[in-house]
Structure formats: structure tokens, C-alpha cells
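# Observations on chain architecture
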Amino acid sequence: MQKIKNLFTRRNLPMLAVLLLELVLLAARFAGDFRTGPVIDIPPERIIPYAEECTNDARGARVENFTGLFAVTRWVDIPRGSYQVSVTYANNGEDGEVRFLDEIMPTARYDAARLPAERTRTVFSLWLPHGCEAAQLQFYADCGEQRVIFITGAQLVPTHSWAYVRLLTGLLFFAVLDLFVLFATHRLPLPIRSVKARYSCVAIACIVIFACMPLGLGYLTYGHDLSIHLSRIEGLKAGLLSGQFPVRMDPALINDKGYPFSLMYSDLFLYPAAFLRILGFSLDSCYKFYVVCITLATALITRWVLRRMLGSEQAALLGSALYTLSFYRLTNVYVRAAVGEYTAMVFLPLVVYGLWRIYTQEKKSDRRGEPWCWMTLAIGFTGLLQSHLLTTELAGLFTLLFCLIRFRQTFTRPVLPALCKAVGAAVLWNLWFLVPLAQYMVTGVCRISGKYDASNLYDTAVYLGQMFTMFGQGGGVAESIQNGMCEEMSQSLGLVLALGAVFLVLALLDTEVRRSGRGIARVGTVTLGFGALAVFCASDLFPWYDLFAAKNGAAQALSKLLGKLQFAWRFLTPATVLLVFAACCGVALFLRTRPEMARRMTAALLVLTVIPAGYLMYDKCYRSQKTVYQSLAAVDDLSGQVGGGEYLPAADPTTDDSAWGCLDPLCSDGTELTGYEKNGLRVTLSLTNPTAENGSVRLPLFSYPGYTMEGGDSGVTLDEKDGYLYVVAEPGWQGTVTVRWKGEWFWRISDCVSLAAIAVTILLRRRRKTAAA
């Protein structure tokens, strides 16, 4: 209460007045933005031909056997704001397209939406920062012989996204401005007191800003998996709006048929981006926000871990720069857009630090050791599980190998109990995700299969000379090793990490330097050894094909297990973090005895990091195509939304094209559908079966465990066939049923167990801190 009274002193009155003025301005602007105009209807008579082959009448514009722009709307006056644009059409040819034209001031942001033959209506987002008096929609066709596309109307519906986004950005702007003024006028003390800590903050900020330079282009550059992960954000948004939490079945993907992206590929860290989408931010803006947050977390966690392990701020900041700007990480972020993999890289330093904490803990007289030393390892593996399962597998293999090599220490107290606690905690915390995943994996619900083996790893290995190139391009794809590396994406650790390994070797060979920090030398030796092993596994020197060709059962089992990694170059992930730690250990050792040499080493490593990283991002920006993603309408095809469709139903024998289609219910002969309504993953239908045999209705929902039927009796059942859900009615049955996604009952039990485990952990940790204080 006293602190609140201190705010209203004479000294603070000017700032309070400014704050009140800011709130009034924001409220007034929000009220103005929130008032939307009327719906803008574009009837068929306002859609006119553009091409000679196009005809129009009272029903709309029609073209046959034509490719290109064939019709446009008359000029429309559109006020500034955000809109949902809806186009109704009929099409039996290839996908058409609708675009937006701003004749006077082309600042509009919109999705170039497709007009696929499977649908009769498409919706896309339009963002107009300035009003437009002369705007129009343009319609493109791709019709072959005897193929027709027919545009019957359009509608622009104002939304409140414009108001919400401007309110939130305005609040953020004034909050930052007010904090700056408060710090500058000494009304608030700086949270960071020491000059050294302030320098560290500036260094971290510079690293993050430099690593995020391509995000300042105003658009997104093309990435291999970019559209897939943007679809995950959009599916997560739709799941939250449908009432799911946690989201497990994404209702918006594959034409609203339901796809278990969230169940098979955890998206816990995508929730903030999904919440921003719900508030109205564009899809690409949400993704940029996510990349910035992950980059900041990578830099901060790496610095924190190395500072605790090495006791050197200079080495910690160096490691933060080397890791955040590493070749392989930037390739994952900007070239591959591998969201899961670069998110998992945030937590790999925590795994290394967690193992170090457990194996270096101080033993007490009762041999119990430090009570909470296992916590970091559990958090690290939790982050990996919630980011990328394949990286979790890699980290688990290297952790297991390390524990076996150190078996004399592993199977002693207090190390073994701490390891068991870390494993147990990680499993309990993530049980809500692991139980549904295990059910789908064990029962073979999805198409995902174990076709990969060690032969594929050999084909995706990296040449040793390629692995340490100094520069790499910002484009290309991963080619077969048989094709060489011409025009291939960068698969390099960079010359800098090789030089860092050399510096560590020099430190270990110098007796005085090595003895100045025996603990650091041990960490450097272990990380260098395991980093070299990861390099060997990723290279063409590893006998992957021999492992595949081996006849004994153990070798075949290992081949299939490692083959699940898909690509040998995934070993560059652990190689990167381990060699970064090794380089920092070398610099930290020299700092103790030869600080001048250590500073020169730091400068050399930074130069060899910043210049190649800058070139990779420069090449990416200038050679990559521009992509705009306002909403899911920009990703309106099967491969764009779900890639290879690994999580499609395994029972579906159809092609990918038919998986994208089948949007309407299909009745068997004689069965009559008298009522039908679909809302996301909820379908309500009324049917009659007057025949003497069982009748069925195929629903436009994929068959996954977790669906339930309500409202029926003993005469109707829910079945599945060819990957789709069917409502089967007995002869003479009639009535109304509802099929909806509910999930399994035991999933909720796992949710409660995980929530309880997290709550108990926090409670015990706080109690321990209180007792220690």
C-alpha cells in the first residue's frame, strides 16, 4: 500500500498525467478502429470479363479452356481496416486463383487464395493500412479442354483484427517509451546494476538482432518446411477456438477434416504465436515473433549455462555468439525453416549442463549429493520432447553413451538416483503428450512407418571437406551424396568450430594452461570427444552401408533405430553444441593464464562466426523468393499444409489428391440424408435408411481414435473404412446423431498426472528454497 501511495507524489504527477493521456489516446483510437463499416457485397453483375474468352450474365463470369486472368470486379471503395474476403465459385479444372489489386496505393497485404475444384467457396484475409478508392479482385483460371470455372460472387466482411492489433502494438510502444523515460529520469532504478552486466546485455542484444536480420524484410523468405509449420500455428489457433485444450486434433487442416499434428508433433511452444493469431495478427507476423523469442532464448540459455560451467563471462558470451550464429542453426532457421529442430537446439545446452551438474555434484556424508541437481536435465529433455522427437532421440543416444562410458560413476550414489529422478520427472511432466502419442504409434494409426534405415543415412551423409567450409549459400536443398554438393544447402559446421577445437587442443597440450582449470579441461575433453563422434556419424566416413548390410539381428535393429533419424546430417545438431562448448573451454583455459592470447582467440572466433553468418543471411535475403502468409488461405494444398502426410490415417488407401477432396458426406445406395451440419470436428446429421440392408454415410472426417457419437440408439453405430468415419444405420432406422472429437478418457488422466507432477515439483522446490534461506 505504501508503494502505491509513493506513486502519487508531486514528483511523479507529470508522468502520471502523461500515462493518463496515453491511455485516453489509445482508447479513442481503439473506439474508432473498432467501428467497422458495412459488409461489401460484390454481386454477379459487378464481376466483368477481362479476357475475350470470358462471358458473364446474371449468374456471374464464366470461362472455358483458358489459362490466365479472365475476370475482375468493378472498382470498389474500401476503407482501411481488416477484412475476410469470401469468393463463391464453381470449378472443374485445375486450381484457379483470386488476387487483390490496389490501383492507387499498393500497400495491401493479402493471400493469393486458390480456387480448387474440391470446394465452392474460398476465404482469405485482407489487411488495408490505408483506404483504397479503386480496388478490385482479379480472377485467374487454369482450365483445360472442356473445363470451366465460374465466379458467382464475392463479399468483403470487416473484422476487428485491425482494432486489436493496433491497440496491442500501441500499448507495447507506449510501455517501452515510458520505461525508457523512467530509467532516463532516474524515477526507476535500472534492474541491472553493474556495468559488466550491462555490457553483457548489450552483447546479447547485438547477437539476437544480428541473427534476426532477415526478419526485418517486411515479408518471409522461402523455407523448405515453412508452410507446414505455419499450418501448425493456424491449426492450433482453430483448435483453441473450438474449445480444445490442450489441442490434439487440428480442425482447420486438410479442408477441415481433422489432422493430429498437435498430437504427434508437440506444439507447446507455438501456443503464444497461436494466441497472437487469435487476436488478429497475421500468420507471418506471429511466426516472426516466434523466431525472435527462440533466438533470444537460445542466446540467453547458452550464456547462462556456459557462465555456470566455466565461470567466465567472456567465454559464455563467446559461446552464445558461436551457437546462436552457428551455420547449422541459421540453416535450420532460414533455409529449412525446421521449427522443431531449431527450437530443440535451445534445450541442448541444458542437457549438457544437466549431465555436468549430476556428475560433478558434491557428495555429502550420507552420500545423498545435491538434492535438486537433476532438475536441469529434466527440464532439458522436457524441452526436447516438446520441440522435436528426433533431436530427443539423438540427445538420448549420446546421453546413454556418456553414462555407459562413465559407468563406474554412473552406477553409484548419488549419480544414479539423480539420473533416475531426471528421467522420472521428465516422463511425468510430459505424460499428457506421451500417452496419446504412444497410443497412435503402437496401434499404427498413422501412415508414418519405419521405411528408413542405415542405407538412407549413408545417402544423406556429408563430405568431411564440406563440413568445415567457411561459407555457405542461403538456398538449395539436401542432395544425395552421389550428386556432390553443387547448389546444395549449407551442411557445414563452419571453419570456426574446427579452429575452436584446435584452440582447445593447444590448451590441453600446454601443461600450465591445462592445470589452471582441471574441471574445465575435463569438460572440454569430453565435449570435444563426443563432438568428434557426432562429426564422424554425420560424415561419409561412417560405415552406414556396412551397418545396413550386416546380417545379424542386433546390427539390423540398430540400423532401423538409427534410420528413424532420416538424415545423417542431423548429427550436425549435437556436433554444433558440443564443439561450441569445446571451443569455449579452450578460451576459458587460456583466460586463466594467458589472457591476451585468449582475447585474440576470441576475436578470431567472432570474426569467423559473424562474417560467414552474415553472408549466409545476405545470400538468403537476395536469392530467396518473397512469401506472404496472412492466413491459412496462403497454404491451400495438401503438401503445403502437411508435407508428406505422415500422420494421415494408415488405413487410407487413396491418393493424396483424394485425401484433399471428399468434402461432402457420401451416402450408400438407398440411404437418405435429410439434414447435415458441419462445424469443425463436429458433424450433426439426420438420416433415414428405408432399405433392407445396413446403410451408411461417409463423413468428411478422417478416422482417428478419439471421436464419439451422441444422440443415436442401438440401431446406429460409428465405424471407419478407408481412413474415413462412417455412420452405419440398420434397416429402417431414422434419426439424428452428432459425431464430434472428444479424445480418449485416459488422456485426461495423463493430463491430470502431468499437472499434478509439475505442481508438486514447484511446491517442493519452493519449500526447499525457503528452508535453505
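Let me begin by describing the structure that accompanies this report. (Residues numbered from 1 in each chain as written. Predicted model: local features only at pLDDT ≥ 70, side-chain atom pairs only at ≥ 80, totals over all residues. Heavy atoms only, no water.)

### Observations concerning the overall build of the chain
A tally of helices and strands in the chain yields 30 helices and 23 strands. For 773 residues, the compact-globule estimate of 2.2 N^0.38 gives 28 Å, and the chain sits close to it at 30 Å. For the C-alpha atoms alone, the extent of the chain along its principal axes is close to 90 × 80 × 60 Å. When the 773 residues of the chain are sorted by exposure, 51% land in the buried category. For the chain, contacts bridging at least 24 residues in sequence account for 76% of all contacts bridging at least 6. On the chain, roughly 35700 Å² of surface is accessible, and the fraction owed to carbon and sulfur atoms is 61%. A gap of 19 Å separates the mean positions of the 71 positive and 62 negative side-chain charges of the chain. (Helix = DSSP H or I, 4+ residues; strand = E, 2+ residues; numbered from the N terminus. Rg over C-alpha atoms; globule rule 2.2 N^0.38 Å. Buried < 20%, exposed > 50% of the residue type's maximum accessible area, 1.4 Å probe, protein only. Contact = heavy atoms within 4.5 Å. Areas by Shrake-Rupley, 256 points an atom, 1.4 Å probe, with all protein chains shown as cover. Lys, Arg positive; Asp, Glu negative; His and termini not counted. Charge placed at Lys NZ, Arg CZ, Asp CG, Glu CD.)

### Looking at the sheet that holds strand 23 (residues 734-741)
An order of 17-18-23-20 is seen for the four strands of this open sheet, with the pairing classed as antiparallel. Here the strands that pair on one side only, and so sit at the sheet edges, are strand 17 (672-679) and strand 20 (707-710). In this sheet, neighbouring strand axes are inclined to one another by 15 degrees on average, regardless of whether the strands run parallel or antiparallel. Across four bridges, strand 20 lies against strand 23 in antiparallel orientation. Its bridge partner being in strand 23, methionine 709 is matched across the sheet by valine 739. (Pairing = 2+ DSSP bridges. Axes fitted to C-alpha atoms, helices over the stretch in contact; angles between N-to-C directions.)

### Brief notes about the packing of aromatic side chains
On inspection of all chains with the given rule, the structure shows 37 aromatic pairs. The interplanar angle of 40 degrees and the centroid separation of 5.5 Å between the aromatic rings of phenylalanine 30 and phenylalanine 34 together place this pair among those described as tilted. With phenylalanine 30 and phenylalanine 34 both in helix 2 (residues 13-34), this residue pair falls four residues apart, about one helical turn. On the basis of relative accessible area, phenylalanine 30 is assigned to the partly exposed category, the value being 23%. Judged by centre distance (6.4 Å) and plane angle (50 degrees), the ring pair of tyrosine 271 and phenylalanine 275 falls under tilted. Of the two residues, tyrosine 271 and phenylalanine 275 are both situated in helix 8 (residues 271-279); the distance of four residues between them amounts to about one turn of the helix. A relative accessible area of 43% means that phenylalanine 275 is categorised as partly exposed. Among the aromatic residues, ring-to-ring pairing joins Tyr359, Phe398, Phe402, Phe530, Phe536, Phe542, Trp544 and Phe571 into one connected group. Sitting above the plane of the tyrosine 140 ring, arginine 99 keeps its charged end 4.2 Å from the centroid. For arginine 698, the ring lying beneath its charged end belongs to tyrosine 724, and the centroid distance is 5.4 Å. (Phe/Tyr/Trp six-rings, centres within 6.5 Å; stacked < 30°, edge-to-face > 60°. Lys NZ or Arg CZ within 6 Å of the ring centre and 35° of its normal.)

### Topic: the environment of alanine 141
With respect to the secondary-structure elements, alanine 141 resides in strand 12 (residues 132-142). With 73 residues separating them along the chain, alanine 141 and glycine 68 place their C-alpha atoms 5.3 Å apart. If near-sequence neighbours (up to four positions away) are discounted, alanine 141 is found in contact with Val63, Phe66, Thr67, Gly68, Phe70 and Ile149.

### A few points about the packing of helix 21 (residues 495-509) against helix 27 (residues 595-623)
At their nearest, the axes of helix 21 and helix 27 sit 9 Å apart, and the two run at 165 degrees to each other. Compared by their axis directions, helix 21 and helix 27 come out roughly antiparallel. The handedness of the crossing between helix 21 and helix 27 comes out as left-handed. Residue-level inspection shows Val496, Leu499, Gly500 and Phe503 of helix 21 in contact with helix 27, the latter providing Met601, Leu605, Leu608 and Thr609. (Parallel < 35°, antiparallel > 145°, perpendicular 65-115°, else oblique. Left-handed = near helix turned anticlockwise from the far one by under 90°.)

### Notes on a positive patch on the surface
Together, Arg406, Arg515, Arg518 and Arg522 give the surface a local cluster of positive charge. Of note, arginine 515 is situated in helix 22 (residues 511-515). (Patch = residues over 30% accessible without salt bridge, like charges linked within 9 Å, V, L, I, M, F, W, Y side chains within 5 Å. Salt bridge = Lys/Arg side-chain N within 4 Å of Asp/Glu carboxyl O.)

### Concerning the sheet that holds strand 19 (residues 695-702)
Strand order in the open sheet made by the four strands is 16-19-22-21, with antiparallel pairing throughout. Every other strand in the sheet has two partners, leaving strand 16 (666-667) and strand 21 (716-721) as the edge strands with one partner each. Direction of pairing for strand 19 relative to strand 22 (residues 724-729): antiparallel, over a ladder of five bridges. Looking across to strand 22, one finds that serine 696 is bridged to valine 728.

### Description of the packing of helix 26 (residues 572-593) against helix 27
Geometrically, a packed helix pair is captured by the angle between its two axes and the distance between the axes. Relative to each other, helix 26 and helix 27 sit at 150 degrees, their axes nearing to 6 Å. When the axes of helix 26 and helix 27 are compared, the pair comes out roughly antiparallel. Mapping the contact onto sequence places Val587, Phe590, Leu591 and Thr593 in helix 26 and Pro595, Met597, Ala598, Met601, Thr602 and Leu605 in helix 27. Partitioning the contact of helix 26 with helix 27 into residue classes produces eight nonpolar, two polar and no charged. (Nonpolar A, V, L, I, M, F, W, Y, C, P; charged D, E, K, R; others polar.)

### Remarks on the pairing of strand 7 (residues 81-91)
Counting buried positions along strand 7 yields eight of eleven residues, so the element is predominantly enclosed. In the sheet, strand 7 pairs with strand 11 (residues 121-128) via eight bridges, with the strands oriented antiparallel. When the sheet's bridge partners are listed, serine 82 is paired in strand 11 with tryptophan 127. Where strand 7 and strand 13 (residues 148-159) come together, ten bridges link them in antiparallel fashion. Pairing of valine 87 across the sheet is with alanine 154, part of strand 13.

### Observations regarding the side chain of threonine 382
Mapped onto the elements of the fold, threonine 382 is located in helix 14 (residues 375-385). If sequence neighbours within four positions are ignored, threonine 382 has contacts with Ala426, Trp429 and Asn430.

### Digging into helix 13 (residues 348-359)
For helix 13, built from twelve residues, the straight-helix expectation of 16 Å at 1.5 Å per residue is met to within 8% by its first-to-last C-alpha distance of 17 Å. Counting buried positions along helix 13 gives eleven out of twelve residues, so the element sits mostly inside the fold. Within helix 13 the residues assigned to the buried category are Leu348, Pro349, Leu350, Val351, Val352, Tyr353, Gly354, Leu355, Arg357, Ile358 and Tyr359. (Expected span 1.5 Å × (residues − 1).)

### Describing the pattern of salt bridges
Tallied over the entire structure, the rule returns 22 salt bridges. In this structure, arginine 277 and glutamate 234 form a salt bridge, with 2.9 Å as the shortest nitrogen-oxygen distance. Taken together, the residues arginine 277 in helix 8 and glutamate 234 in helix 5 (residues 226-241) connect sequence positions 43 residues apart. Exposure remark for arginine 277: the relative accessible area of 7% places this residue in the buried category. Measuring nitrogen to oxygen at the nearest pair gives 2.9 Å for the salt bridge that ties glutamate 596 to arginine 599.

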